[in-house]
Amino acid sequence: MLGTGIASAQENVNPDATPSTIDGGITVPIDIEKNALGTPVGQRELPEIHREISTNQLTGANPLVRDVSDRYDSSVFRGNVVQPNAVVPVNICGNAIAAGGNAGVETTCSQSVAQPDAVLTDGSNGSLAGNVVAVGLAVPAQVTGNAIAVLGNAYANTSADQSASTGGDITTSGERSTLSGNIAAVQGALPIQVTNNAVGGGGNAYTDSDASNSAESLGSLKTDGDNSSGGGNVVGVPLAPIAAVNGNGIAGAGNADSVAKNSATADAGTTRTGINGIPSWTQTSGDPATLAGNVVQPQLAGPVSVDDNAVAGAANSTATSSTVNDAEAGGFTSTTGEGSTLSGNLADAPVALPVSGGGNAVSAIGNTAAQHSNDVTAKAGDGTYTNGDDSVLGANTVTAAPAGAVDVCGDAVAGAGNAAALCDNDVTSETGGYNGTTGNDSVGSGNIGQVPVVVPGEVYGAAASIVGTPTSTTEEHKSITSGGTPNSQDDNGTVSSNIVTAPTAVGAQAFGDAAALVGNPNTDTASDTTLTAGGPSNATGHHGSASGNIVQVPTSNPAQVFGDTVVAVGNGSSNVDSTLESTSGGDATSDGAAGAIAGNVVSAPEATALEVFGNAVGAGSNVESDAANHYSSISGGDVTTTGDRGSLSGNGVAAQAAAPVQVFADTVTGAANGYSNTFGDTTVIAGGDSTSSGKDASLAGNLVTVPVNAVPTVFGEPISAAGISKTTSDSTLLSQAGGDTDTTGNGGALTAHDIPVPVEAAAQVYDVPVEVLGEATALVYTNTTQVTGEDADAVRAADVARGVDLPVGVDSLLGATEVPSLTNLNRLPVGSEMLSTLPVNQLPDTDQLSGVELPTQGLDLPAGDLSLPTDELGLPEERSFGGTLPLVGGNFGFTPVVQGLLPLTPAGRSLPTVPAAPVAVPATLPVVVPVVPVAQPRALGTPALPALPTTSLSGLKLDATGDALKAADGERSLPTAPALAGLDTRSLFGNLEDTIQMPRI
């Protein structure tokens, strides 16, 4: 054993010989040295201890056990190996403890232990042979550079390094065997640090030290189960956490100061050169075989650290430190189940979760200052690949790959004192990668189930006090990535190469907020966060049955609360610049040509912007918030599928939902002065274009898209009661759901149809100053764009939603002489013209009436000249119509009717005058039903109008330059809302459908 001085009987053993059945053990080298203790009678050096605790003499290192194992391995143990191996070095060095006297130490400390445990065996052509159970743990524990003052002064200046390594490649085989060549391995690298802390109890403590620690449990896992039954399976568990408490300054009734540099690395299961020159961690196979070559691999990477904090009770403390942590577990995995049954399957669960609490300053009664630099990387797992061609239930992959980060950094909290925190936080968290599989000519093979998740959860850059002055300056850069592209290829497969994926981007971030009961909180924060969950989905089910289908549900919903200032009594300010880019999933592409139930795509992307930022709230105080927001939330992408020459193939169903929800730039004061200044640039996109093809097919190439778009935001609202509130906001918002749709094809009646059903609503409230014995002013600039589905006019004004306009200023359902204002029907094509070009509000020229039949309900009109004699009927010279037009049965269209003049019956009764619809403010029914130029049967199912409350703000417009609500007609009043709660939509729209028909031209 290198570097440990351990005598080992294995040193003279042939490395190519069959290993011992029971080998390995636990080794605990202990080094305690160079520690100082301060006493009332002076400083004393603590005793040194150098010893090793080991179990090697009970296992493979014992010559007697080795001799028995070697003698009976081949005949009795069949090459099976059980090898637990752990190396746990302990280094306690360079610490100073003042207990009734002063203590000081200046030294260097070093400890290094290597205990390799590679395994080489073989179970081919055997039964219950060549199986390996191995545990390789490297757990270095380091306690160095600490200064602890109880009664006296303690000082430490220590430089320490420690390393521990174990593991090695594990190689076996289960070829042409039964229950052989299987591997179960735990590879753990777990460094532990308690270093460079200053603790002042009844005295002063100071440390100026550095410490580094590394742990490795390396090695690839290689086997195969070809032509076997239950052979070549692998369970791999690489673990790479880091536990650290470093560089903290903690003062109870004294002073504590820490200046420190700390670093730790953990590598578990990773390989330096890979397998056969390929950077792989696990490699096996199971073709042709039964229950062979399967892989199960949970993987964990993540430092957990409490670093560089300054905490004071009734004293003073400082912490000026830096931390670098790097953890990596697992790697690329490949297997195959070609020509097999229940073989080559993968279950993958990589987890990366770095947790850090650093650079915080907390004072109860005292002064604290923390200055912290944190650089963290956590990576678990990598890509996977398996082959299930010509197999049954083979080469399927299931992956759950959460990647997160939890940080409490740069927060300043003052009870009745001063607290100053400075944090520079740089975090990278990554799990999984590409997932590839095939299922050609197979049954139930090559399918992929994938759930990539990114989850940040953190509070940083906050300043808060009860009675005090907290100050925070924080900068964070964070990147979290989970999973990658799922790719499954299949020709001639049955229930094969399908993909189900749910990429999820969520999380909660609170940063750069200032709050005080009585005090002066101030914060200055810059944040840059990138979240990526999953990637584009690719599947092929060419000439397959129930193959190559994709179901994807990507969501992007990260939430942020930042740049808000809330102070009861005092002065507070926040200055924040935030950038967030969140991406979930991607394009979905499938090919189901010449297939049956193949190549279909169901996509339901959803994206939001959940934010509260840049608000200032004060009572008896001065509050200010200055926030800049750059936010992008994107889920899903384009959908492309093909079902040519197929049956129930190549169809696309997409429900895309975009809903930015934001509250920002609001200023609320009571006997206080408040100012909010924000800049916002927000993009929320759910889904994209949809394209399908169904040439020479049946029930194929259809598209049904339901883009849903809503913008509920409240911003730029100054509210003052006996105070002054000022708001300045410049906001740009793009909310997009879905995109263009296009389908081509021919075949059966239900082939190549494009059915879009867009749903849209706008509910922005802004620039409404409220004054109660105070002054409230707002300067708001906003540019909001909603794009819903195949929106021809992408720059359509935000207050013109897609839908059917209904009157708002009524208190009941439409009467007998009232009609809805169907303004959006003006784009309906009628023959070769648009409806808006038809003469519906004036008499047409006689040349235009050629071929037009006017239903007159019993009126005899003279033949020939269709002009109406004005001398008999008393028409006004201008021959115009007043009011609006009633609906007349027939096809979609309108028939001009002269107000009260045309007789309806022989009795001479006339039509009542049709008044103008009392439209105070145009409201929008947030449903658009696709209308083609033929009568639509009710069976298509008009979406039901939701029940609305008695009072509705539908159609409300807010004046961005004035101080009161304005209706659409310019009147400075609130519009009257209809009582629509009991609206019978089936009756209303059923009658509408029955009476509106297309004109005959």
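Residues numbered from 1 in each chain as written. Predicted model: local features only at pLDDT ≥ 70, side-chain atom pairs only at ≥ 80, totals over all residues. Heavy atoms only, no water.

**What about the overall build of the chain?**
A tally of regular secondary structure across the chain gives three helices and 73 strands. Burial analysis of the chain (1001 residues in total) assigns 50% to the buried set. Considering only contacts within the chain whose residues lie at least 6 apart along the sequence, 86% involve residues at least 24 apart. For the chain, the exposed area adds up to about 39,300 Å²; of that, 60% sits on carbon and sulfur atoms. (Helix = DSSP H or I, 4+ residues; strand = E, 2+ residues; numbered from the N terminus. Buried < 20%, exposed > 50% of the residue type's maximum accessible area, 1.4 Å probe, protein only. Contact = heavy atoms within 4.5 Å. Areas by Shrake-Rupley, 256 points an atom, 1.4 Å probe, with all protein chains shown as cover.)

**Details of the pattern of salt bridges**
As enumerated under the stated definition, the model contains five salt bridges in all. Glu175 is the salt-bridge partner of Arg176, the closest N and O atoms lying 2.7 Å from each other. Across the pair Lys478 and Glu458 runs a salt bridge whose closest N-O atoms are separated by 2.2 Å. On the criterion of sequence distance, the pair formed by Lys478 in strand E38 (residues 463-482) and Glu458 in strand E37 (residues 448-460) is long-range, its members being 20 residues apart. Glu458 matches Lys478 in its accessibility class, with the two residues each being buried. What emerges from the salt-bridge pattern is a single network uniting Asp407, Glu458, Glu476 and Lys478. (Salt bridge = Lys/Arg side-chain N within 4 Å of Asp/Glu carboxyl O.)

**Structural notes on the state of the cysteines**
Tallying each qualifying case throughout the model produces two disulfides. In this model, Cys93 is linked to Cys109 through a disulfide, with the two sulfur atoms separated by 1.8 Å. Between Cys93 and Cys109, the disulfide has an S-S torsion of -75 degrees and is therefore left-handed. You can see Cys93 sitting in strand E6 (residues 90-93) and its partner Cys109 sitting in strand E8 (residues 103-116), a full 16 residues away along the chain. Each member of the pair, Cys93 as well as Cys109, is classed as buried. Put simply, Cys409 and Cys423 are joined by a disulfide, and their sulfur atoms are 1.6 Å apart. One end of the pair, Cys409, is in strand E33 (residues 397-409); the other, Cys423, is in strand E35 (residues 418-431), and 14 residues separate them in sequence. A relative accessible area of 1% places Cys409 in the buried class. Disulfide connectivity for the chain, with bonded cysteines indexed by sequence position, reads 1-2, 3-4. (Disulfide = S-S within 2.5 Å.)

**Looking at the packing of aromatic side chains**
Per the counting criterion, the structure on display carries seven aromatic pairs. Aromatic side chains Tyr155 and Tyr206 sit 5.8 Å apart centroid to centroid with 10 degrees between the ring planes, which places their arrangement in the stacked category. You can see Tyr155 sitting in strand E13 (residues 153-167) and its partner Tyr206 sitting in strand E18 (residues 204-218), a full 51 residues away along the chain. The exposure class assigned to Tyr155 is partly exposed, which follows from its relative accessible area of 29%. Exposure remark for Tyr206: the relative accessible area of 31% places this residue in the partly exposed category. (Phe/Tyr/Trp six-rings, centres within 6.5 Å; stacked < 30°, edge-to-face > 60°.)

**Some points on the side chain of Asp348**
Assignment of secondary structure puts Asp348 in strand E28 (residues 346-352). Nearest to the buried, unbridged Asp348 among oppositely charged side chains is Lys379, at 10 Å. If near-sequence neighbours (up to four positions away) are discounted, Asp348 is found in contact with Gln297, Gln299, Asp382, Thr384, Val398, Thr399 and Ala400. (Lys, Arg positive; Asp, Glu negative; His and termini not counted.)

**Section: the nonpolar core**
It is characteristic of soluble globular proteins that their nonpolar side chains tend to be buried jointly. Core analysis: the largest hydrophobic core is formed by 17 residues, its most contacted members being Ala240, Ala266 and Ala327. Elements that contribute at least two residues to this core include exactly strand E20 (234-246), strand E22 (255-268), strand E26 (316-329) and strand E31 (367-380). Considering every element that reaches this core, the biggest residue donor is E22, with three residues. Contacts of Ala240, omitting those with residues within four sequence positions, involve Ala189, Ala266, Ala268, Leu300, Ala301, Gly302, Ala327, Glu328 and Ala329. Grouped together as the second largest cluster of nonpolar side chains are 14 residues, Ala98, Ala103, Ala147 and Ala315 included. (Core = buried A, V, L, I, M, F, W, Y, C linked by side-chain atoms within 4.5 Å.)

**Describing the environment of Ala96**
Structurally, the position occupied by Ala96 is in strand E7 (residues 96-99). Residue Ala96 is classed as buried on the basis of its relative accessible area, which comes to 0%. Separated by 111 residues in sequence, Ala96 and Thr207 have C-alpha atoms that sit 9.0 Å apart. Discounting chain neighbours no more than four positions away, the residues touching Ala96 are Ala36, Ala103, Gly104, Val105, Asn146, Ala147, Ile148, Ala154, Tyr155 and Ala156.

**Description of the side chain of Asn213**
With respect to the helices, strands and loops of the structure, Asn213 is situated in strand E18. Of the polar contacts made by the side chain of Asn213, one reaches the side chain of Gln162; its length is 3.2 Å. The residues contacting Asn213, other than those within four sequence positions of it, are Pro140, Gln142, Gln162, Ser163, Pro191, Ile192, Gln193, Ser263, Ala264 and Thr265. (Polar contact = N/O pair within 3.5 Å; in protein donor to acceptor, adjacent residues only side chain to side chain.)

**Some thoughts on a nonpolar patch on the surface**
On the surface, Val500, Val551, Val553, Val602, Val653, Val704 and Ile755 cluster together into a nonpolar patch covering about 470 Å² of accessible area. With respect to the secondary-structure elements, Val553 resides in the loop between strand E46 (550-552) and strand E47 (555-556). Judged by relative accessible area, Val553 falls into the partly exposed class, the value being 37%. (Patch = residues over 30% accessible without salt bridge, like charges linked within 9 Å, V, L, I, M, F, W, Y side chains within 5 Å.)

**Remarks on the pairing of strand E32 (residues 384-387)**
Regular strands have side chains that alternate between both faces of the sheet. Of the pairings in the sheet, the one linking strand E27 (residues 333-334) to E32 comprises two bridges and is parallel in character. Counterpart to Thr333 in the pairing with E32 is Thr384. (Pairing = 2+ DSSP bridges.)

**Quick look at a negative patch on the surface**
Residues Asp326, Asp375, Asp424, Asp426, Glu475, Asp528 and Glu581 make up a contiguous surface patch of negative charge. The residue Asp326 is located in strand E26 in this model. (Charge placed at Lys NZ, Arg CZ, Asp CG, Glu CD.)

**Some points on the confidence of the model for the chain**
A residue-level look at the chain finds 74% of positions with pLDDT of 70 or above and a mean pLDDT of 80. Under a pLDDT of 50 for its full length, residues 1-17 has, in the predicted model, 20 contacts with residues more than four places off or in other chains. (pLDDT = per-residue confidence, 0-100.)

**Description of unusual backbone geometry**
Residue Pro288 is bonded to the preceding Asp287 through a cis peptide linkage, with omega at -25 degrees. Topologically, Pro288 is positioned in the loop between strand E23 (282-283) and strand E24 (295-307). The backbone phi angle of Ala594 is positive, close to 60 degrees, even though this residue is not glycine. Here the phi dihedral of Asp696 falls at roughly 50 degrees; this positive angle occurs in a residue that is not glycine. With respect to the helices, strands and loops of the structure, Asp696 is situated in strand E59 (residues 690-697).

**Quick word on the pairing of strand E39 (residues 486-489)**
Where strand E36 (residues 435-438) meets E39, four bridges bridge the pair, whose relative direction is parallel. Pairing of Asn435 across the sheet is with Pro486, part of E39. By the bridge criterion, two bridges tie E39 to strand E45 (residues 537-540) in an arrangement that is parallel. The residue bridging Ser488 from the neighbouring strand is Ala539, located in E45.

**So, the environment of Gly313**
With respect to the element layout, Gly313 can be found in the loop between strand E25 (310-312) and E26. On the basis of relative accessible area, Gly313 is assigned to the partly exposed category, the value being 28%. Sequence separation between Gly313 and Asn367 is 54 residues; the distance between their C-alpha atoms is 9.0 Å.

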